[in-house]
Amino acid sequence: MTDFIITEDCPKNAIEFDKRILDTKACYDYLFKQKWPNGFICKECSHTKCRISARNLYICTQSEHNQYFR
């Protein structure tokens, strides 16, 4: 089971989605806010700083634990 559940602020239809998610960066920003509404928190060590890899993985700067959107 995944711990990523969108509970609110979800586009209701394709037209609303297209208006809000204009490009890839906007899509990743939206997903980031849904997964970490209070900012990044590593699920392995609870550290709050991360870097983003070339494959758009969020990597904790302390534990090097990879996290992504599931």
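Residues numbered from 1 in each chain as written. Predicted model: local features only at pLDDT ≥ 70, side-chain atom pairs only at ≥ 80, totals over all residues. Heavy atoms only, no water.

Caption draft 1: Expanded view of the pattern of salt bridges. Using the criterion set out here, one finds 2 salt bridges in the structure. Ionic pairing is found between K25 and D29, a salt bridge with its closest N-O pair at 2.8 Å. Placement of both K25 and D29 in helix 2 (residues 24-35) is noted, with a separation of 4 residues, approximately one turn of the helix. According to the relative accessible area criterion, K25 is exposed, its value standing at 55%. For D29, a relative accessible area of 34% puts it in the partly exposed group. Of the charged contacts, one joins E64 and R51 as a salt bridge, the two residues approaching to 3.1 Å between their closest N and O atoms. Residue E64 is located in the loop between strand 2 (58-60) and strand 3 (66-67), and its partner R51 is located in strand 1 (residues 50-52); the two are separated by 13 residues in the primary sequence. According to the relative accessible area criterion, R51 is partly exposed, its value standing at 40%. (Salt bridge = Lys/Arg side-chain N within 4 Å of Asp/Glu carboxyl O. Helix = DSSP H or I, 4+ residues; strand = E, 2+ residues; numbered from the N terminus. Buried < 20%, exposed > 50% of the residue type's maximum accessible area, 1.4 Å probe, protein only.)

Caption draft 2: Highlighting the sheet that holds strand 2. Strands sit in the order 1-2-3 across an open sheet of 3 strands; the sheet is antiparallel. Two strands bound the open sheet, and with one partner strand each, they are strand 1 and strand 3. As defined by bridge partners, strand 2 adjoins strand 3 across 2 bridges and the pair is classed as antiparallel. Residue I59 lies in a different strand from strand 3, and its bridge partner there is N66. (Pairing = 2+ DSSP bridges.)

Caption draft 3: Local environment of the nonpolar core. With 6 residues, the main nonpolar core is built from F32, W36, F40, C42, Y58 and C60. Apart from the residues within four sequence positions on either side, F40 is in contact with F32, H47, T48, K49, C50, Y58, C60 and Q67. (Core = buried A, V, L, I, M, F, W, Y, C linked by side-chain atoms within 4.5 Å. Contact = heavy atoms within 4.5 Å.)

Caption draft 4: The arrangement of the state of the cysteines in detail. In this structure the tally under the stated criterion is 0 disulfides. Between C45, a free cysteine, and C60, which holds the nearest cysteine sulfur, the sulfur-to-sulfur gap is 3.6 Å. For C45, a relative accessible area of 29% puts it in the partly exposed group. (Disulfide = S-S within 2.5 Å.)

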